[in-house]
Every structure is written in C-alpha cells, then in structure tokens.
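Structural overview
Single-letter residue listing:
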Amino acid sequence: MTDTPARLLSLLSLLQTPREWPGSELARRLEVSQRTIRRDIDRLRELGYPVDASRGADGGYRLGAGAAMPPLLLDDEEAVAIAVGLRGAAGQAISGIEESSVRALAKLEQVLPSRLRYRVGALGAATVPLPGTGPAVDPEHLTVFAGAIANTERTRFAYRTGDGTESRRHVEPHRLVSAGRRWYLLGYDLDRDGWRIFRADRIAEPRATGGRATPRRPPAEDVAAYVTDRMYSLLPTYRARVTLHAPMNQVAPAIGDNIGELEPIDDASCVWNAGADTLDWLAFRLLGLGCEFTVHEPPELIGHLREMVARVHRGISSTVD
C-alpha cells in the first residue's frame, strides 16, 4: 500500500481493535516494511493519536485511551449518542445486533476521552429502561470480556451460580455468546482446570488482569452451538403422553412437523408423545389443537392445566353478577 493517507487510515482502523498488534503483523496486513510501520506510528502520534508501544516477544502497538474519534470524525454529541445507543442494544440483547453492538462498543469506549466517558456513564446511571424479557446484563461487563478476548488476556470476576453459591473465578475468556435473550461467556477456568460456561448476568466486578491467556483448542468448532446445547441439556425436560380425541390426519397439521410423534388409535383418536422444556409450551400447544384430550403424563402437566383452568374460572366468575 503506497498511498500514505490511505495507509494511515487503514493502520488507524486496525489499532482501534482493543488488542496489541505486533509490528510484523501490521506490516504484513498493510504490505509494507516494519520500518514503514514505525514511521507511520510516529505520524499518528504527531497527529495527536496516543499509540502505546510495548517491548518484548509479546509486545506491539495499541491505540491508547483519550484519542479523538478517528476516522469517523464524530463530534462530542454524536460520540455520546452512539455509545449510549450501543450500550442499550448490548444490555437488552436486541435480536440480530447484539454481537456487533458489543464489538463496536468495545472499540468506541477504548478511544473515548475521559470527559465523554463520564457523560456516557452519567446518562446510563440516570436512565431507567423498561424491563425486557431477559435478565439485565451490564454492557461494561461485556466490553471487559470483549477486550480481554481480543487481547488474549486473563480475567478475574465474582460469580453467583443458580443456587446462590458465590465464588471468585480466574478465567481465560474465549467467546461471548448470545443465546435467546441471554449472554454467556465461554472460558477456561484456571482454578478448576476445565472449560466452563458463565451466565453474564451472574457475573460481577470483572477485570482484565493483563496476564496472557494460553492458546487452547476450544471444546467445539461451533462455539455457539456448543453453548446452546449445554444450556438446553441442563434444563428440565418434560415428556408428555396425551390421547387426542380426534383423527390423526386432523390434528397433525396443527401440531406441525418434528414436534413429537403421533400414533393412531382408531379413526377418531390418536396418541401424541412429545418433549418440552416448559409446561406452558405443552399446555398452550394442547389448548390450541381445538379438540378434546386426555393427559396421561407427566403429572406436572396435569397439575399445571388444573391451575390454568382455575385461573380462567376465577376470571370469568369475577365478571358475572
């Protein structure tokens, strides 16, 4: 790349990723010599961008905090508006943009001047969002892990399990995964010597230690599928067996493909065997079939349907004089 202005912008864009870049890798990406990289770093410093350098085998360059907003040339109001918007998108896990929101927020907060960081924090503290359908996640926690993952750093944090047990963890974070309306951190737990999955809303006081993480083979190539499978495997599963008092060809379209199995009894009835993670799903699926039915198992579903009937009866009775 011989065009100096274009090369400087490309170099600046790389440095905005929160990690240390070895000079050799920057030179390879920009197709120039390491000497040219050193000169370009000096040019960026002359322009006011604080590029930090570290020595040693693992050393390199990174863009320090307090820089202006390159290369978008945002003014203060625009920078604050974008940071607040990204925090909201990351914290509420808006479907389809959550991962990119965290990456963008990690880049943006790295270079925000301190006066703008204060304004973003003040706006966040003064704003009360409407509650969403998922647990609340602190966007700052996500950006800590996003930066540690990019820079292959170890982290420490407090963690609370589902039964309320609290502990301190020393973890090499590998990936952040958004599954449904929740965030999960996949990392290697150094104290327990194994891969662990942590719910982000149960994490407190995360911080990067600066210690280098050890390169490790992840537990699966598809990390998102691995986390999702593990989460669903830990949920309670209900196996339902129900007699439907309707012809099988009549109820089959309403049940849908790959949702349990239907077995004919006679021309007027059939048996439905299905599994689900929630009783509500089974109950509403049965009520939506539009036919009579008899539940054989599980007993939890029978009790759940009785509670629903009682609520409906109370609701109807309260409106009748």
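Just above sits the structure.
Residue numbering note: each chain is counted from 1, following its sequence as written. Selection of residues for local features in this predicted model requires a pLDDT of at least 70, selection of side-chain atom pairs for listing and counting requires 80 or more, and totals for whole chains, interfaces and linings are taken over all residues. For the side-chain quantities, the full set of heavy atoms in the structure was used; hydrogens and water were omitted.

Bringing the pattern of salt bridges into the picture now. When a carboxyl oxygen of Asp or Glu lies within 4 Å of a side-chain nitrogen of Lys or Arg, that pair is called a salt bridge. On inspection of all chains with the given rule, the structure shows 11 salt bridges. Close ionic contact of Glu-20 with Arg-212 constitutes a salt bridge, the shortest N to O distance being 3.2 Å. With Glu-20 in the loop between α1 (4-15) and α2 (23-30) and Arg-212 in strand β7 (residues 203-212), this pair connects stretches of sequence that are 192 residues apart. Residue burial is assigned from relative accessible area. The probe radius is 1.4 Å, only protein chains are included, and a residue is buried under 20% of its type maximum, exposed over 50%, and partly exposed in between. You can call Glu-20 buried: its relative accessible area is 18%. When its relative accessible area of 34% is taken as the criterion, Arg-212 is described as partly exposed. Among the salt bridges present, the one from Arg-43 reaches Asp-40, with a minimum N-O distance of 2.5 Å. Of the two residues, Arg-43 and Asp-40 are both situated in helix α3 (residues 34-46); the distance of three residues between them amounts to about one turn of the helix. For Asp-40, a relative accessible area of 0% puts it in the buried group. Several salt bridges converge on common partners, so that one network encompasses Arg-7, Asp-40 and Arg-43. Helix and strand assignments come from DSSP, with helices taken as H or I runs of at least 4 residues and strands as E runs of at least 2, each series counted from the N terminus.

So, about unusual backbone geometry. The amide bond that connects Glu-297 to the next residue, Pro-298, takes the cis arrangement and shows omega of 5 degrees. With respect to the helices and strands, Pro-298 occurs in the loop between β11 (293-297) and α11 (299-317). Backbone geometry at Glu-31 places phi at a positive 60 degrees, although glycine is not the residue there. By secondary structure assignment, the location of Glu-31 is in the loop between α2 and α3. The exposure class of Glu-31 is exposed, given its relative accessible area of 66%. Of note, the phi angle at Glu-205 is positive, near 55 degrees, even though the residue is not glycine. Structurally, Glu-205 is set in strand β7.

Here we take up the environment of Pro-215. Relative to the assigned elements, Pro-215 resides in the loop between β7 and α8 (223-233). Residue class for Pro-215 comes out exposed when judged on its relative accessible area of 77%. For Pro-215 and His-174, which are 41 residues apart along the polypeptide, the C-alpha to C-alpha distance reads 9.7 Å.

Spatially, the four strands line up as an open sheet ordered β9-β10-β8-β11, and their pairing is antiparallel. The open sheet has two free edges, formed respectively by β9 (261-266) and β11, since each of these has just one partner strand. Here the strands of the sheet are splayed against their neighbours by 25 degrees on average, with no regard to which way each runs. Summarising the sheet, β9 and strand β10 (residues 269-276) pair through five bridges and their orientation is antiparallel. Here, any two strands with at least 2 DSSP bridges between them count as paired. Lines fitted to C-alpha atoms define the axes here, with helix axes fitted over just the stretch in contact, and angles between the N-to-C directions of these axes take values from 0 to 180 degrees.

A word on the packing of aromatic side chains. To pair, rings of Phe, Tyr and Trp, with the six-membered ring standing in for Trp, must have centres within 6.5 Å; the planes then decide the type, stacked if under 30 degrees apart, edge-to-face if over 60, and tilted in the middle. A full pass over the atoms with the stated rule returns four aromatic pairs. On the basis of an interplanar angle of 85 degrees and a centroid distance of 5.5 Å, the ring pair of Phe-145 and Phe-157 is categorised as edge-to-face. A residue pair is termed long-range when its members are at least 10 positions apart, and Phe-145 in helix α7 (residues 139-150) and Phe-157 in strand β3 (residues 153-160) qualify at 12 residues. Centroid distance Phe-157 to Phe-198: 5.2 Å. Interplanar angle 85 degrees. Geometry classified as edge-to-face. With a gap of 41 residues between them, Phe-157 in strand β3 and Phe-198 in strand β6 (residues 194-199) connect regions that are remote in the sequence. Given a relative accessible area of 0%, Phe-157 falls into the buried group. Among the aromatic residues, those joined into a ring-pair cluster are Phe-145, Phe-157, Tyr-159 and Phe-198. A ring is considered to have a charge above it if a Lys NZ or an Arg CZ atom is located within 6 Å of its centre and within 35 degrees of its normal. Looking at Arg-216, its charged tip hangs above the ring of Tyr-188, at a distance of 3.7 Å from the centre.

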